[in-house]
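One letter stands for each residue in the lines below.
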Amino acid sequence: MSSEAANPSALRGIWDNLKSTPKRMYGSAFRSGSPKTDRTRSSFVFGNVFLHLHSVRTHIWSLKWSTTMGLGIMTTAAFFITLVTGILLMFYYKPYPDVAYQSMKDIHFVVPTGRFIRNIHRWAANLMVVAVILHMARTFFTASYRKPREFNWLVGWGLLVTTLALSFTGYLLPWDQLAYWAITIGANIAQSPREITDALGMTQYLDIGGLQRMILLGSDEVGAEALIRFYLLHVMLLPIVLLLLMAVHFWRIRKDGGIARPDDADELVSTDPKENYPVFTDDPQKTYQLAAVVKGTTPAVGNGPERTLPSMPHLFYAELGVLMLTTLICLALALISDAPLKEIANPMIPENPAKAPWYFLGLQEIVSFSAFTGGIGIPALCWLGLGLIPFLDRERSGSGKWFGGPGGWTLFKWSLLVGFGASVGIEAFAIHFGWLREWFPSIPQLAITFINPGTVLTLIYALFSVWTVRRYNSTRAGAVALFTCFLCGFVVLTVVGTYFRGPNWEFYWSPSDWPGH
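Keep in mind that this is a model prediction, so the values were computed, not measured.

1. Section: the nonpolar core
Grouped together as the largest cluster of nonpolar side chains are 53 residues, with contacts concentrated most on Phe140, Phe141, Leu172, Trp175 and Val222. Looking at this core, you find at least three residues from each of domain 1 (67-286 + 312-351) and domain 2 (353-517). Dropping the residues within four chain positions of it, Phe140 is found in contact with Tyr145, Trp153, Ile389, Arg476, Ala479, Val480 and Phe483. Counting nine residues, the second largest nonpolar core, distinct from the first, contains Met74, Ile81, Ala124 and Ala131.

2. What about unusual backbone geometry?
Residue Lys147 is joined to Pro148 through a cis peptide bond whose omega torsion reads 10°. Note that Pro148 resides in the loop between helix H8 (114-141) and helix H9 (150-170). Cis peptide bonds are those with omega within 30 degrees of zero, and the linkage from Asn352 to Pro353 qualifies with 5°. Its location among the elements puts Pro353 in the loop between helix H15 (311-336) and helix H16 (361-367). For Trp175, which is not glycine, the phi dihedral falls at a positive 55°.

3. Re the pattern of salt bridges
Applying the stated rule across the entire model yields eight salt bridges. Between Arg12 and Asp16 there is a salt bridge, and its shortest N-O distance comes to 3.7 Å. With Arg12 and Asp16 both in helix H2 (residues 10-29), this residue pair falls four residues apart, about one helical turn. A residue is classified by how much of its surface remains accessible, and Arg12, at 51% relative accessible area, is exposed. For Asp16, a relative accessible area of 32% puts it in the partly exposed group. For Arg252, the salt bridge is made with Asp256, and the minimal N-O distance between the two is 3.3 Å.

4. Description of the packing of helix H12 (residues 208-217) against helix H13 (residues 224-255)
Look at H12 against H13: their axes get within 7 Å of each other, and the N-to-C directions meet at 70°. One finds that H12 runs roughly perpendicular with respect to H13. Residues Met214, Ile215, Leu216 and Leu217 of H12 touch H13, and the partners they reach there are Glu225, Ala226, Arg229 and Phe230. Looking at side-chain class alone, the contact of H12 with H13 contains six nonpolar, no polar and two charged residues.

5. Side note on a nonpolar patch on the surface
A grouping of Val84, Ile87, Leu88, Met90, Phe91 and Tyr92 is seen on the molecular surface, where their side chains present a nonpolar patch of about 600 Å² in accessible area. Its location among the elements puts Phe91 in the loop between helix H6 (71-90) and helix H7 (97-109). The exposed category is assigned to Phe91, whose relative accessible area is 65%.

6. Looking at the packing of H9 against H13
It is at 9 Å that the axes of H9 and H13 come closest, and there the two elements cross at 160°. When the axes of H9 and H13 are compared, the pair comes out roughly antiparallel. Where H9 crosses over H13, the handedness of that crossing is left-handed. Taken together, the residues that form the contact of H9 with H13 break down as 16 nonpolar, nine polar and one charged.

7. Describing the side chain of Thr67
On the secondary structure map, Thr67 appears in helix H5 (residues 65-68). Residue classification places Thr67 among the buried positions, given a relative accessible area of 5%. At 2.6 Å, the side chain of Thr67 forms a polar contact with the backbone oxygen of Trp61. Apart from residues no more than four positions distant in its own chain, Thr67 is found in contact with Trp61, Ser62, Arg138, Ile259 and Trp402.

8. Let's talk about H12
All of the buried residues in H12 are Gly209, Gly210, Arg213 and Leu217. Down the axis, H12 shows its buried residues gathered within 100° of arc, on one side only. In H12, the exposed positions that point more than 90 degrees away from the buried face belong to Leu211 and Ile215. Buried-residue contacts for H12 involve helix H10 (177-190), helix H11 (194-200) and H13. Once H12 finishes, Gly218 follows within two positions and takes phi at roughly 70°, a positive value.

9. Examining the packing of aromatic side chains
Two numbers describe a pair of aromatic rings. These are the distance of the centres and the angle of the planes. This model, assessed by the stated rule, comprises 31 aromatic pairs. Ring centres of Phe168 and Phe360 lie 5.7 Å apart, and the angle between their planes is 70°; on these two criteria the pair is classed as edge-to-face. Here Phe360 lies in the loop between H15 and H16 and Phe168 lies in helix H9, a separation of 192 residues in the sequence. Judged by relative accessible area, which is 12%, Phe168 ranks as buried. Residue class for Phe360 comes out partly exposed when judged on its relative accessible area of 22%. Over the aromatic face of Trp123 sits the side chain of Arg122, whose NZ or CZ is 4.8 Å from the ring centroid. Between Arg476 and the ring centre of Phe140, over which it is positioned, the NZ or CZ distance is 5.1 Å.

10. A closer look at helix H18 (residues 408-433)
With 26 residues, H18 extends 37 Å between its outermost C-alpha atoms, agreeing within 8% with the 38 Å of an ideal straight helix rising 1.5 Å per residue. On its buried face, H18 is in contact with H8, H16, helix H21 (453-472) and helix H22 (475-499). Phi for Gly434, located one or two positions after H18, is positive at around 80°.

11. Quick look at the side chain of Thr68
Within the secondary structure, Thr68 is located in helix H5. Here Thr68 falls in the buried class, since its relative accessible area comes to 17%. Residues contacting Thr68, with those up to four places away along its chain left out, are Arg138 and Ile259.

12. Quick look at the environment of Phe141
Mapped onto the secondary structure, Phe141 falls in helix H8. A relative accessible area of 5% places Phe141 in the buried class. Sequence separation of Phe141 and Gly400 is 259 residues, and the distance between their C-alpha atoms is 8.7 Å.

The rules behind these values
Residues numbered from 1 in each chain as written. Predicted model: local features only at pLDDT ≥ 70, side-chain atom pairs only at ≥ 80, totals over all residues. Heavy atoms only, no water. Core = buried A, V, L, I, M, F, W, Y, C linked by side-chain atoms within 4.5 Å. Buried < 20%, exposed > 50% of the residue type's maximum accessible area, 1.4 Å probe, protein only. Domains from an automatic or database assignment. Contact = heavy atoms within 4.5 Å. Helix = DSSP H or I, 4+ residues; strand = E, 2+ residues; numbered from the N terminus. Salt bridge = Lys/Arg side-chain N within 4 Å of Asp/Glu carboxyl O. Axes fitted to C-alpha atoms, helices over the stretch in contact; angles between N-to-C directions. Parallel < 35°, antiparallel > 145°, perpendicular 65-115°, else oblique. Nonpolar A, V, L, I, M, F, W, Y, C, P; charged D, E, K, R; others polar. Patch = residues over 30% accessible without salt bridge, like charges linked within 9 Å, V, L, I, M, F, W, Y side chains within 5 Å. Areas by Shrake-Rupley, 256 points an atom, 1.4 Å probe, with all protein chains shown as cover. Left-handed = near helix turned anticlockwise from the far one by under 90°. Polar contact = N/O pair within 3.5 Å; in protein donor to acceptor, adjacent residues only side chain to side chain. Arc of directions from axis to C-beta. Phe/Tyr/Trp six-rings, centres within 6.5 Å; stacked < 30°, edge-to-face > 60°. Lys NZ or Arg CZ within 6 Å of the ring centre and 35° of its normal. Expected span 1.5 Å × (residues − 1).

Listed below in structure tokens is the structure:
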């Protein structure tokens with residue numbers, strides 16, 4: 001054998017190493033190899049920075065479409081679509097009042113595909129709001145907030161608030177008439193505690209409303225300080241908060257034993273047990289000197305791999321499917337509907353009607369009677385009630401099932417009837433006959449603050465919930481009734497505010513009925 005063959009040159013070695021580099025790179029990234037067996041699939045999930053928040057195996061019940069409808073993943077997908085398109089828009093947007101509107105015009109008419117990217121951004125943001133509300137409703141109606149998932153419900157509660165704040169702060173950035181006057185409405189709502197302090201003669205000593213408005217706008221009016229403040233919140237602070245909450249939310253899903261499922265989930269998904277999987281016993285069988293091996297308290301204790309599938313590829317492919325569906329929806333909507341861009345913001349020419357973002361129009365409908373009730377009072381009650389749900393309802397029956405627990409579907413249907421009936425009835429009455437101010441022009445504002453369509457509707461819902469608790473002797477039943485009613489009220493008030501309110505917030509059946517200029 002020649003010495004050259006025994007000792008190949010360094011140049012030959014470099015060439016051979018270069019050819020094998022792609023394989024080595026793949027092997028260094030995916031050390032367990034292709035995920036073809038249960039062992040390599042488990043290692044693939046453990047070793048991936050994005051997938052390690054998932055459990056290695058997922059119960060068949062959790063993979064069923066009817067269990068979650070993919071709403072959590074849809075919310076996440078919509079956020080990342082919003083994030084990517086938002087970064088692209090940041091290359092051209094300038095957050096200063098004198099050039100912000102012009103930069104939006106450039107995005108629309110000069111930047112290649114700029115309008116299309118903004119359309120996707122807008123629709124993904126709206127889809128995210130819809131999906132997070134529906135995801136919260138799904139979690140509630142399946143009683144998935146119960147122990148050990150109370151903390152994760154609170155995290156989701158924070159995600160809902162952060163999502164609404166993220167969408168709202170982006171509303172001002174175009175600096176057009178629509179954005180300017182929508183934020184003006186928001187600032188007036190933030191100032192609404194003055195309705196109480198003015199009536200009590202305390203504003204000069206304790207101006208909570210003025211403080212809230214100043215914190216929101218950084219000034220007494222919507223101007224440069226408000227724009228840069230909203231921009232910073234929208235592109236940096238709120239996305240960071242949302243990402244942190246999402247990471248904790250996904251992590252806790254795994255630590256809490258996965259998606260909530262009923263006690264008889266195994267029987268519901270299959271009647272053919274897999275004998276090749278071990279079944280864990282409930283009690284320790286051995287002792288070691290003075291220390292016994294005792295049963296732990298985490299959700300995974302006592303649960304074997306029966307009726308489960310590897311998360312890779314089953315859960316992973318399902319998530320990819322929802323991501324593709326979400327992207328398709330955003331693209332389709334972006335093609336058929338442009339994001340609005342009206343005239344440049346002008347404080348001297350108010351919009352009439354000036355409307356908040358659609359998800360706040362239900363509150364604006366109540367604000368038209370009482371700013372404090374619609375802007376602070378009822379939202380605070382809903383916010384507090386949502387947070388207390390898992391700590392007030394400590395029942396166990398019906399967990400993991402749609403409308404599980406006492407009453408079931410029957411209670412839900414009656415709650416829909418009361419929820420829609422009461423909200424439509426109150427709205428129709430107030431629109432046709434007016435309210436206290438029209439009947440008694442000199443009535444104190446404090447009376448209207450506590451007696452208005454919003455408070456009357458809340459009282460009806462509360463009384464129905466109390467009746468339900470007594471009827472079924474169940475906290476869960478009362479929670480289902482109250483939550484469903486408020487959801488119905490939100491839908492009705494949002495529809496009225498969106499489609500049937502015109503100039504001066506008057507009721508019109510169609511925009512064609514609006515008075516001419």
